[in-house]
Amino acid sequence: MDKREFTVQDFIEPLRKRALWIVLISLICAAAAWLYTVFYITPIYTTRVTMCVFSGNRSGSAVTSSELSNDARLANTYKLLLTSQPVLNAVSEKLDGKVSPETVGSMLSCYVVSDSQLINVYIRSADPYLAVEVGEALFEAAPETLREIARGGEMEAVNHAVLPKSPTTPDVKNNVLVGFLIGLGASCAAFILISLLDTTVWSEESLQRVLPDVPVLGCVPGMNDQASGKRGHGKRR
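Rules used throughout
- Residues numbered from 1 in each chain as written.
- Predicted model: local features only at pLDDT ≥ 70, side-chain atom pairs only at ≥ 80, totals over all residues.
- Heavy atoms only, no water.
- Helix = DSSP H or I, 4+ residues; strand = E, 2+ residues; numbered from the N terminus.
- Buried < 20%, exposed > 50% of the residue type's maximum accessible area, 1.4 Å probe, protein only.
- Areas by Shrake-Rupley, 256 points an atom, 1.4 Å probe, with all protein chains shown as cover.
- Pairing = 2+ DSSP bridges.
- Axes fitted to C-alpha atoms, helices over the stretch in contact; angles between N-to-C directions.
- Contact = heavy atoms within 4.5 Å.
- Core = buried A, V, L, I, M, F, W, Y, C linked by side-chain atoms within 4.5 Å.
- Patch = residues over 30% accessible without salt bridge, like charges linked within 9 Å, V, L, I, M, F, W, Y side chains within 5 Å.
- Salt bridge = Lys/Arg side-chain N within 4 Å of Asp/Glu carboxyl O.

**Here we look at the overall build of the protein chain**
Regarding its fold elements, the protein chain presents nine helices and four strands. For the protein chain, the sequential pattern of α-helices and β-strands runs α-α-β-α-α-α-β-β-α-β-α-α-α. Expressed as a percentage of its 237 residues, the buried residues of the protein chain come to 32%. As displayed, the protein chain has an accessible area near 15400 Å², and 59% of this comes from carbon and sulfur atoms.

Dropping the structure here:
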C-alpha cells in the first residue's frame, strides 16, 4: 500500500470540527496565567532618580563639545561608583539602618543616558514606598559621597524619586496573552496529531482520499443511524 499523502484539508478539518474546544482550552490557559500572575508572582515597583555629571568647573556659560565628551566618559565611571560600598553604606545610614547596604545594592540599576552626562538610577522593590525612600536617600547621599571618592568632577542630583502608581512587573496582559497562545498552539497541535494518527475511516470522502482506486460497495450504519433512520454516518468498510 502506498504511503498516505496528507493534504491541507487533513490539517484544517480537525481544527474546524474542534474549534469550540480549542477556544475553550485557550481561555482556560489564559485564565490560569492570570491567576498565577496575580496571586503567585510578587509585584515589583520601580522609581527613578536622575544624576548629572560634570567633568570640572565650567569656565563660561557656553559648553564645548570637548567638555560634553569628557562628561560622558566620566558618567560611565560614576555609574559604577554609584553602586560602590561607600555609597551603599551612606544610603543605609540615611535610612537609619532600616535597609542594609547589601539590600540597597540589590535594588539599584544604573544606566548612562545615550552617552550623555546623565545617569538614570532605577530603584526596584516590592514596596513602592520603600523604593521612594531608598531613591531619596541616594539623591541626598550620592553626590556628597562620590565627591570624596572620585576627587574629580562633580555630580548633581536632578530628578527626585516619584511614588510609582502601578507595578512594572509582572506584566499581567502579556502573561495572559502568552497563556492564551500556549493554549491555542498546544490544543491545535494535539487535535491535528490525534486526527493524523486516527486511521478510522468515517466517511466515503475520507475513504476515497486514502484509497482513491477502491470503489465503495456499501456502508454499515451506526446504532444511532439505525435508530434515527439516517444514513451516511456509519463506519465504512
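That was the structure; now back to the text.
**Examining the sheet that holds strand β1 (residues 45-54)**
Ordered by their spatial adjacency, four strands build an open sheet running β2-β3-β1-β4, and the pairing between neighbours is antiparallel. The open sheet is flanked by β2 (108-112) and β4 (154-159), the only strands paired with a single partner. If you compare each strand with its neighbour and ignore which way they point, the axes differ by 30 degrees on average. As paired strands, β1 and strand β3 (residues 118-125) are joined by eight bridges and run antiparallel to one another. Its bridge partner being in β3, Thr50 is matched across the sheet by Asn120. The strands that helix α6 (residues 128-150) touches are β1, β2, β3 and β4; relative to β1, the one it contacts most, it runs at about 15 degrees.

**Focus: the nonpolar core**
Burial of nonpolar side chains together is a common tendency in soluble globular proteins. Counting 33 residues, the largest nonpolar core has Leu82, Val91, Ile119, Val134 and Leu138 as its most contacted members. Contributions of two or more residues to this core are made by β1, α3 (65-81), α4 (85-94), α5 (101-107), β2, β3 and α6.

**Side note on a nonpolar patch on the surface**
On the surface, Trp34, Leu35, Tyr36, Val38, Phe39, Tyr40 and Val172 cluster together to form a nonpolar patch covering roughly 760 Å² of accessible area. If you tally residues by element for the nonpolar patch, the top one is helix α2 (residues 19-40), at six residues. Along the chain, the position of Val172 falls in helix α7 (residues 172-197). What makes Val172 partly exposed here is its relative accessible area of 32%.

Shape descriptors only; they carry no functional weight alone.
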